[in-house]
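Next come the chains, spelled out residue by residue.
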Amino acid sequence: MDAIVLLSSDHRRIRLLFGDYRGATTDRQRRKTADTLVRELSKHTSAEERIFYPFAAQALGQDATARPHRICSAIKRHLTVLDGHRRAAQDDAMSMAQLEQDIAEHIEEDEQKLMPRLRSACEPDVLRQLGSKLERVERGAPTRPHPHKPDQAPNPLLRTPFVTWYDRIRDRVRGRAGS
Ligand SMILES: [Fe+2]
């Protein structure tokens, strides 16, 4: 699948999940939707930071991805806060509202600025190959936020395969939906 189509469909799914969260009528529904959001956003931001932004930086220059990277770092910080609140059974509403703001900014930056420029700069075949790579990376990506990845991992154990394995084990232990 074309990389831009793939990432835009992630964005649509993430927007729908925020709508589901706001429309939830029970704590259980809210908790399950927040679980799914944390998982989907962790995978999406990981694939964009590891594959999509480096590709865009090569095609368009480093300046093109400076702001997208900054927004992704803010998303990961808020995801970490949200994940911590959820594990401590604290209220999600504030961190969820901050996260939704970051995501609106992220989607606007990706879809209104970066993606149209890449669409004009790259051959369709190149974007399809990038899409296949992104699909593979998303399948194996961490399911929880790791604020130190991929910029500077302070601990050698925090390499993606280990992180992914650890996240999936934790998800299974907690019985998180769809993991
Ligand atoms: Fe994105």
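Note on numbering: residues in each chain are counted from 1, in written sequence order. With the structure being a predicted model, the display of local features is reserved for residues of pLDDT at least 70 and the display and counting of side-chain atom pairs for 80 or more, all residues being used for whole-chain, interface and lining totals. With hydrogens and water stripped out, all remaining heavy atoms of the structure feed into the side-chain values.

Identification of the protein as Hemerythrin HHE cation binding domain protein from Catenulispora acidiphila is taken from an unreviewed UniProt entry.

**Student:** Break down helix H5 (residues 124-139) for me, with residues and values.
**Tutor:** A rise of 1.5 Å per residue sets the reference length of H5, with its 16 residues, at 22 Å; its end C-alpha atoms lie 23 Å apart and thus fit the reference within 8%. Only protein chains enter the calculation, and the probe is 1.4 Å; a residue is then buried if its accessible area is under 20% of its type maximum, exposed if over 50%, and partly exposed in between. Secondary structure elements are taken from DSSP: a helix is a run of H or I of four residues or more, a strand is a run of E of two residues or more, and numbering for both begins at the N terminus. Within H5 the residues assigned to the buried category are Leu127, Leu130, Gly131, Leu134, Val137 and Glu138. One face of H5 carries all of its buried residues, which in axial projection span an arc of 130 degrees. H5 presents Gln129, Arg136 and Arg139 as exposed residues on the side facing more than 90 degrees away from its buried surface. The elements touched by buried residues of H5 are helix H1 (3-23), helix H2 (27-60) and helix H4 (93-121). What a helix should span is 1.5 Å times the count of its residues minus one. Regarding the arc, it is the one traced by the directions from the helix axis to the C-beta atoms. Should any heavy atoms of two residues lie within 4.5 Å, those residues are counted as being in contact.

**Student:** Account for the nonpolar core, with residues named and values stated.
**Tutor:** Phe52, Phe55, Leu114, Leu118, Leu130 and Leu134 are the most contacted members of the largest nonpolar core, which has 20 residues in total. Breaking this core down by element, the ones donating at least two residues are H1, H2, helix H3 (63-87), H4 and H5. For this core, the element with the most residues is H2, which contributes 6 residues. Those residues in contact with Phe55 that sit more than four places away from it in its chain are Leu118, Cys122, Val126, Leu127 and Leu130. Throughout this description, the term nonpolar core refers to a set of buried Ala, Val, Leu, Ile, Met, Phe, Trp, Tyr and Cys residues connected via side-chain atoms within 4.5 Å. Counting 16 residues, the second-largest nonpolar core is a separate cluster that includes Leu17, Tyr21, Leu41 and Leu99.

**Student:** Give a description of the pattern of salt bridges that names residues and reports values.
**Tutor:** By definition, a salt bridge exists where a carboxyl oxygen of Asp or Glu is found within 4 Å of a side-chain nitrogen of Lys or Arg. Taken as a whole and judged by the stated rule, the model has 10 salt bridges. One salt bridge in this structure joins Asp10 and Arg13, with 3.0 Å as the shortest N-O distance. Placement of the pair is Asp10 and Arg13 together in helix H1, with a separation of 3 residues, close to one helical turn. What makes Asp10 buried here is its relative accessible area of 4%. What you see here is one network of salt bridges that share partners, running through Arg67, Glu105, Glu109 and Lys113.

**Student:** Just give me the short version of the packing of aromatic side chains, but keep the residues and values in it.
**Tutor:** Only Phe, Tyr and Trp rings take part, Trp by its six-membered ring, and two of them pair if their centres are within 6.5 Å. Stacked means planes under 30 degrees apart, edge-to-face means over 60, and tilted covers everything else. The final tally for this structure, using the stated rule, is 1 aromatic pair. Aromatic pair Phe52 and Tyr53: ring centres 5.9 Å apart, planes at 45 degrees, arrangement tilted. Across the pair, exposure class does not vary: Phe52 and Tyr53 are buried alike.

**Student:** Give a description of the coordination of the iron ion that names residues and reports values.
**Tutor:** Coordination shells were defined by N, O and S atoms within 2.8 Å of each metal, extended to 3.2 Å for Na, K and Ca; water is absent from the atom set, which can make sites look incomplete. Donor atoms from the polypeptide that coordinate the iron ion comprise His11 (NE2), His44 (NE2), Glu48 (OE), Glu48 (OE), His106 (NE2) and Asp110 (OD), at 2.0 to 2.6 Å from the metal. Because the angles between the 6 donor atoms bound to the iron ion fall within 51 to 165 degrees, the donor set is best described as irregular. Here the donor residues of the iron ion share one chain and are spaced in sequence as H-x32-H-x3-E-x57-H-x3-D. Separated by 62 residues along the polypeptide, His44 in helix H2 and His106 in helix H4 bring together distant segments of the chain. Accessibility classification places His44 together with His106 in one group, the buried group. Only four donors with every angle between 85 and 135 degrees are called tetrahedral; only four or six donors with opposite donors over 155 degrees apart and all others between 65 and 115 are called square planar or octahedral, in that order; all others are irregular.

**Student:** Go over the environment of Arg15, please, and point to the residues and values.
**Tutor:** Mapped onto the secondary structure, Arg15 falls in helix H1. Judged by relative accessible area, Arg15 falls into the partly exposed class, the value being 48%. When the C-alpha positions of Arg15 and Leu37 are compared, they lie 9.6 Å apart, and in sequence the two are 22 residues distant.

**Student:** Lay out the packing of H2 against H5 in plain terms, naming residues and giving numbers.
**Tutor:** With axes taken as lines fitted to C-alpha atoms, and helix axes fitted only over the stretch in contact, angles between N-to-C directions fall between 0 and 180 degrees. In the contact formed by H2 and H5, the axes pass within 9 Å of each other and the chain directions differ by 145 degrees. The chirality of how H2 crosses H5 is right-handed. On H5, the residues that touch Lys43, His44, Ala47, Arg50, Ile51, Phe52 and Phe55 of H2 are Val126, Leu127, Leu130, Lys133, Leu134, Val137 and Glu138. Charged residues are taken to be Asp, Glu, Lys and Arg, nonpolar residues to be Ala, Val, Leu, Ile, Met, Phe, Trp, Tyr, Cys and Pro, and polar residues to be all remaining types, Gly included. Here the contact of H2 with H5 is composed, by residue class, of 9 nonpolar, 1 polar and 4 charged. Take the far helix as the reference: if the near one is turned anticlockwise from it by less than a right angle, the crossing is left-handed, and if turned clockwise, right-handed.

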